Amino acid sequence: MNYPVWEIPQIGGGMLIGLIAILHVFVSHFAVGGGLYLVLAERKAYRENDPAVLEYVKGHSLFFVLVVLVFGAVSGVGIWWSIGLVSPAATSTLLHVFVWAWAIEWVFFAVEIAAAFVYYYGWDRLDRRTHLTIGWIYFITAWLSLFMINGILTFMLTPGRWLTTREFWHAFFNPTAIPSLIIRTMVCIALAGLYGLVTAAAIPERKLRAKMVRFAATWLLPASLVLPLGGAWYISRIPRFAREISMGGSPAVTIFAGLSIVLSAILFVFAFFGPFQRPQHFNLPFAFMLALIGLSVTGVTEWVREAVRKPYIIYGYMYSNGITKREQEAIGRDGALWVAKWVTTREVREDNRREVGRNLYEIQCASCHTIDGFNGMRFAVKGWREEFIDFQLQHLSELKGFMPPFMGTDLERRALAAWLADLNSRVPPITEPLAKATAPPLAMATSEARMAEQ
Amino acid sequence: MSPLIPNPDPIPLPAPAGLLEALLVFTLFLHLLPMSLLMGGGTLTVISELIGRRDERHRKLAQATARLLPILVAFTITMGVAPLLFLQVVYGPLFFSSSILMAWPWLSIIGMMLLGYYGYYWHSFQFERLGRRAVWVTLASTALFTIIGLLFTSNMVLMLTPARWQAIYKAGRSGLQWNVAEPTVFPRFLHMFVASLALSGLGIAMLGAVKARADTAFGAWVRQYGLGWFVAATWVQFAVGLWFLVSLPPSIRGLFVGGGTVETGLLIVALALAVISLLTIQRWLGLGTATILGTVALMVVIRHRLRAAYLASEFDPSRLAVQSQTAVFALFVLILLCGIAAIAWMVWKFAQAPSPRPE
């Protein structure tokens, strides 16, 4: 509304962010836990005076560098890129509330990257103690960068007292920050084990393979105890409506939440009876299967975490479509087209209702919906008469609690209903770029608007 | 003022705009150093690899520079995060809008970065095995990073020209605009690219000083070869810079040729430092390097003044509401100092340790 809209055909913006984010989460949590795995495995090699273990750790560290430093770092930047393109208003909020937190995170990130390089290139060059110390610096700064991001991420679902005080510390140490930190830390440790299983399973020598497989499998065990407790604590702190959505309120979200628990349980059972109890029978395909289950758990869990935040993107402050509660009031007074910046018209006339409808779709719906793809509107309103669509729009937040209310004047709402009804009518609806429509140019509309304001 | 520029964020800036802009300028300078060594270094590595098929010295040089490229990518990305952060918080309404208008090219940077980065690693670890094919890997990665550079220039120009947004948006919401045809984009990019060749030449000259410890003749040659690039590229830069200056809209260009005291003064000093560098670098590498780094630093400041000139009637950061988060800022400074100390300690330990591979 305040920003231009980027229409991503078929998958929509949310899915785009999700695809990048899930892969990033799966790697970045390994980036943290894997640091601890490296130092403890290295220490184990020194204590047992076992050069074969040390060789394995060196190999694992190359894998670590290639996965974490390259994919982890770049995909993290990728999330930042994609949220700015899809949800600029929310991104801007997070930057304004947390710029120093991001800056602090950047310092930890920079130290983390430097430490990873010195660690990797320092094998055979640094003495053991220094090398281990650098490994510890890596792990600690990696965890601290998780600590920073976690505070910002949890703020979006539970901004807590910040909503009234606007205090940084209230935003950062919000109600779910600590339980989420515990969960994520445990996930980091479990993922370190999961990736460790992959590299351990690839060891050619049988005895060493069994030894390292069992070592890696042990890393999955603490999570099986701590995650249920952390999860329960976390769920007790999230908004009531968010809890209800994930526990029956919305079938899709409930199924995914259930999957998250079931898949986690399967993962731990397999890990316990497989590599932990019988490391000598463990092999690479089994390791990849476990990693795949791990990726699925990451995917469904992150998806649920995002889904329960609806109808907000920042709970109680900004709706999923980037409109703040304050803007909602202004829209109630002046109409959506007058508050928005990137629209092609500000007036609703008999002859431009479809154009108005299209504009309203862009500024209020397109952040979650597409026309023909994911969450597609054409399918959603199929068989609905215009009057029925209009009725739905009037009661959106009551009928579908996870959607923001329609914001705008009666005329605007009816125009949107007409445009939506047109999607399935025989008249080809306006889905092409607006340049082809008979609309006044943007500047004309906006300069008229400004004149009217004066 | 262009009516499409989004309203400033309702949440006040967490520090005075001046402080955030100073950090933006300073961290951009820190980013441009590894970025230049990456873009120019990649290009020079490709050239040396090609010549190296017949010339052993070039082959050795290419092998040495290629090993540094993945590390330079990491430095460039890491140092790039900070200026982009400060840019987004101060200039968000402009930056987010222009990025959305060119969403696909802008997002494709992530994919290209990933491919280019893995390409350099592949090259670095498999140099011997790749043999004659190695150069194609370097070339592909370097091309990707160069396109990324062009896209950055393109977006940085688009965010300064809101008058052009409307026409782009009218053509559709698909985010397929490249903006590379805008008349200042190419000279501006070329200006950066030629600078990257000059700085990489200087970097190679310094590498020569290191190599000279083990092999005096080879080190001396590397030093001379690198300086050759530095001197040639810097001379070319006078022409390219002039082209960029001429390509600017007349009202803005005027500021840098007498119209604005600060702008013109900064430009004269920056050019004078570059001339001093050219005259001294053969005899005194340290002095020549210091003066050219002075030029780069001043150019970053000039670039910021140029942005302000573009936006004079559109967007004034100093008018944004401010509510300082002083305690968090102080914490950032403290953590930054600890971070610098930690990195310095690690690098010192690494440099001190004996190299396992005598060269």
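Residues numbered from 1 in each chain as written. Chains lettered and ligands numbered in written order. Predicted model: local features only at pLDDT ≥ 70, side-chain atom pairs only at ≥ 80, totals over all residues. Heavy atoms only, no water.

**Student:** I'm lost on the overall build of chain B in this one. Help?
**Tutor:** A count of helical and extended segments in chain B gives twelve helices and zero strands. Shown N-terminal to C-terminal, the secondary structure of chain B runs as helices and strands in the order α-α-α-α-α-α-α-α-α-α-α-α. Over its C-alpha trace chain B gives a radius of gyration of 22 Å, about what one expects of a compact globule, namely 21 Å for 359 residues. In terms of its C-alpha atoms, chain B occupies a principal-axis envelope of roughly 60 × 45 × 40 Å. With 359 residues in all, chain B has 55% of them scored as buried. Sequence separation of 24 or more characterises 82% of the internal contacts of chain B that already satisfy a separation of 6 or more. With the model as given, the accessible surface of chain B reaches about 15300 Å², and the carbon-plus-sulfur share is 71%. Positive and negative side-chain charges in chain B, numbering 24 and 12 respectively, have mean positions lying 5 Å apart. (Helix = DSSP H or I, 4+ residues; strand = E, 2+ residues; numbered from the N terminus. Rg over C-alpha atoms; globule rule 2.2 N^0.38 Å. Buried < 20%, exposed > 50% of the residue type's maximum accessible area, 1.4 Å probe, protein only. Contact = heavy atoms within 4.5 Å. Areas by Shrake-Rupley, 256 points an atom, 1.4 Å probe, with all protein chains shown as cover. Lys, Arg positive; Asp, Glu negative; His and termini not counted. Charge placed at Lys NZ, Arg CZ, Asp CG, Glu CD.)

**Student:** I would appreciate a short explanation of the nonpolar core in the present structure.
**Tutor:** Counting residues in hydrophobic clusters, the biggest one holds 237 residues, and the most contacted among them are F98(A), W100(A) and Y117(B). The leading source of residues in this core is helix 3 (residues 88-122) of chain A, at 24 residues. Residues within four places of Y117(B) in sequence aside, it is in contact with L69(A), V70(A), V74(A), F117(A), P70(B), V73(B), A74(B), I77(B) and F145(B). Core analysis: the second largest hydrophobic core is formed by 34 residues, F29(B), L44(B), F189(B) and L199(B) among them. (Core = buried A, V, L, I, M, F, W, Y, C linked by side-chain atoms within 4.5 Å.)

**Student:** I would appreciate a short explanation of the interface of chain B and chain A in the present structure.
**Tutor:** The accessible area lost on association of the parts is a frequent measure of interface size. Each partner contributes residues to the interface: chain B has 78 residues there, and chain A has 77 residues. Where chain B packs against chain A, one counts one salt bridge. Here R173(B) ties to E362(A) by a salt bridge, and the two come within 2.6 Å at their closest N and O atoms. Inspection of the chain B/chain A interface yields 16 residue pairs in polar contact (both at pLDDT 80 or more). Looking at the side of chain B that touches chain A, the elements with two or more residues in it are helix 1 (17-51), helix 2 (56-101), helix 3 (103-125), helix 6 (165-170) and helix 12 (326-352) of chain B. In terms of residue count, the dominant contributor to the side of chain B that touches chain A is helix 2 of chain B (20 residues). (Salt bridge = Lys/Arg side-chain N within 4 Å of Asp/Glu carboxyl O. Polar contact = N/O pair within 3.5 Å; in protein donor to acceptor, adjacent residues only side chain to side chain.)

**Student:** When you look at the confidence of the model for chain B in this model, what are you seeing that I'm missing?
**Tutor:** For residues with low pLDDT, the predicted coordinates do not support detailed interpretation. All names here are of chain B. Chain-level statistics for chain B give a pLDDT mean of 94 and a share of 99% at 70 or above. Taking the mean pLDDT of every element in chain B, the minimum, 82, falls on helix 4 (residues 127-130) and the maximum, 97, on helix 1. ipTM for the predicted complex: 0.94, alongside a pTM of 0.92. (pLDDT = per-residue confidence, 0-100.)

**Student:** I tried to follow the packing of helix 4 (residues 128-157) of chain A against helix 7 (residues 177-201) of chain A on my own but got confused; where do I start?
**Tutor:** Residue and element names in this part refer to chain A. The geometry of helix 4 relative to helix 7 is characterised by a closest axis approach of 9 Å and an angle of 135° between their N-to-C directions. With respect to helix 7, the axis of helix 4 lies oblique. Relative to helix 7, helix 4 is oriented so that their crossing is right-handed. Two secondary-structure elements touch here, helix 4 through W143, L146, F147, N150, L153 and T154 and helix 7 through A177, S180, L181, R184, T185 and C188. A breakdown of the residues in the contact of helix 4 with helix 7 according to their chemical character gives seven nonpolar, four polar and one charged. (Axes fitted to C-alpha atoms, helices over the stretch in contact; angles between N-to-C directions. Parallel < 35°, antiparallel > 145°, perpendicular 65-115°, else oblique. Left-handed = near helix turned anticlockwise from the far one by under 90°. Nonpolar A, V, L, I, M, F, W, Y, C, P; charged D, E, K, R; others polar.)

**Student:** In this structure, what is going on with unusual backbone geometry? I would like to understand it.
**Tutor:** Peptide bonds are mostly trans, and most non-glycine residues show a negative phi. Residues and elements named next belong to chain A. Looking along the chain, the bond that leaves K310 and enters P311 is cis, with omega of 5°. Phi angles above zero are rare outside glycine, and D124 is one such case at about 70°. Relative accessible area serves as the criterion here: at 56%, D124 is assigned to the exposed category. The phi dihedral of R166 is positive, around 60°, even though this residue is not glycine. Counting through the fold element by element, R166 comes out in the loop between helix 5 (162-165) and helix 6 (168-172).

**Student:** Looking at this model, I keep getting lost on the packing of helix 11 (residues 251-276) of chain A against helix 12 (residues 284-307) of chain A. Mind explaining?
**Tutor:** Each packed pair of helices is defined by two parameters, the angle between the axes and the distance between the axes. Residue and element names in this part refer to chain A. The contact between helix 11 and helix 12 brings their axes to 9 Å, and the two run at 155°. Overall, the two elements helix 11 and helix 12 adopt an arrangement that is roughly antiparallel. Where helix 11 crosses over helix 12, the two elements pack in a sense that is left-handed. Class assignment for the residues of the contact of helix 11 with helix 12 results in 19 nonpolar, six polar and no charged.

**Student:** How should the environment of W100(A) be read in this particular structure?
**Tutor:** Mapped onto the elements of the fold, W100(A) is located in helix 3. When its relative accessible area of 0% is taken as the criterion, W100(A) is described as buried. Taking the C-alpha atoms as reference, W100(A) lies 32 Å from A223(A); in sequence the two are 123 residues apart. The contacts of W100(A), once residues within four sequence positions are left out, are P14(B), A15(B), L19(B), L20(B), L23(B), F86(B), Q325(B), V328(B), F329(B) and F332(B). For W100(A), the side chain forms a polar contact with the main-chain oxygen of P14(B), separated by 3.4 Å.

**Student:** What is the right way to read a nonpolar patch on the surface from this model?
**Tutor:** A surface patch of nonpolar side chains, about 620 Å² in accessible area, is lined by W169(A), F173(A), I178(A), I182(A), W233(A), L331(B) and L334(B). Looking at the nonpolar patch, the elements that each hand over two or more residues are helix 7 of chain A together with helix 12 of chain B. In this fold, L331(B) is placed in helix 12. (Patch = residues over 30% accessible without salt bridge, like charges linked within 9 Å, V, L, I, M, F, W, Y side chains within 5 Å.)

**Student:** How should the environment of L158(B) be read in this particular structure?
**Tutor:** Residues and elements named next belong to chain B. Structurally, L158 is set in helix 5 (residues 134-158). Classification of L158 by relative accessible area gives buried; the value is 0%. Sequence separation between L158 and M112 is 46 residues, and the spatial gap between their C-alpha atoms is 21 Å. The residues contacting L158, other than those within four sequence positions of it, are S98, L101, M102, R164, W165, I168 and N179.

**Student:** Looking at this structure, how should I read the pattern of salt bridges?
**Tutor:** All names here are of chain A. One pass over the full model with this rule turns up 26 salt bridges over all chains. The partner of R358 in a salt bridge is E7, and the shortest N-O contact between them spans 2.7 Å. Here the residue R358 occupies a position in helix 15 (residues 353-365), and E7 occupies one in the segment before helix 1 (12-47), the gap between them amounting to 351 residues. The class of E7 is partly exposed, set by a relative accessible area of 21%.

**Student:** Would you take a moment to explain the packing of aromatic side chains for this structure?
**Tutor:** Any aromatic ring pair is given by two values, namely how distant the centres are and how the planes are angled relative to each other. Tallying each qualifying case throughout the model produces 58 aromatic pairs over all chains. Relative to F189(B), the ring of F186(B) lies with its centre 6.5 Å away and its plane at 45°, an arrangement referred to as tilted. Residue F186(B) and its partner F189(B) are both found in helix 7 (residues 185-211); the two are separated by three residues, about one turn of the helix. Judged by its relative accessible area of 7%, F189(B) falls in the buried class. Site record: aromatic cluster; members linked through ring pairs are F98(A), W143(A), F147(A), F155(A), W162(A), F168(A), W169(A), F172(A), F173(A) and Y317(A). We note K60(B) situated over the ring of F218(B); from NZ or CZ to the ring centre the distance is 4.2 Å. The ring of Y91(B) has R307(B) lying over it, and the distance from NZ or CZ to the ring centre is 5.2 Å. (Phe/Tyr/Trp six-rings, centres within 6.5 Å; stacked < 30°, edge-to-face > 60°. Lys NZ or Arg CZ within 6 Å of the ring centre and 35° of its normal.)

**Student:** For this particular structure, what's the right way to read helix 9 (residues 221-237) of chain A?
**Tutor:** Every α-helix carries 3.6 residues per turn, so stepping three or four residues along brings you back to the same face. All names here are of chain A. Under the 1.5 Å per step criterion, the end-to-end length of helix 9 is 25 Å for 17 residues, consistent within 8% with the ideal 24 Å. Largest kink in helix 9: about 30°, centred on L227, with the proline P228 one to four residues after it. Of all the residues in helix 9, the buried ones are A223, G230, G231 and Y234. Summarising the contacts, the buried residues of helix 9 are in contact with helix 4, helix 7, helix 11 and helix 12. (Expected span 1.5 Å × (residues − 1). Bend = angle between axes of the 7 residues up to and from the residue.)

**Student:** I keep staring at helix 2 (residues 51-86) of chain A and nothing clicks. Help me out?
**Tutor:** Residue and element names in this part refer to chain A. For helix 2, which comprises 36 residues, the first-to-last C-alpha distance of 50 Å matches the rise-based estimate of 52 Å (1.5 Å per residue) to within 8%. Most pronounced at F64, the bend in helix 2 amounts to some 25°. Among the 36 residues in helix 2, 26 count as buried, and that is most of the element. With a side-chain oxygen positioned 3.0 Å from the backbone nitrogen of A52, the residue opening helix 2 is D50.

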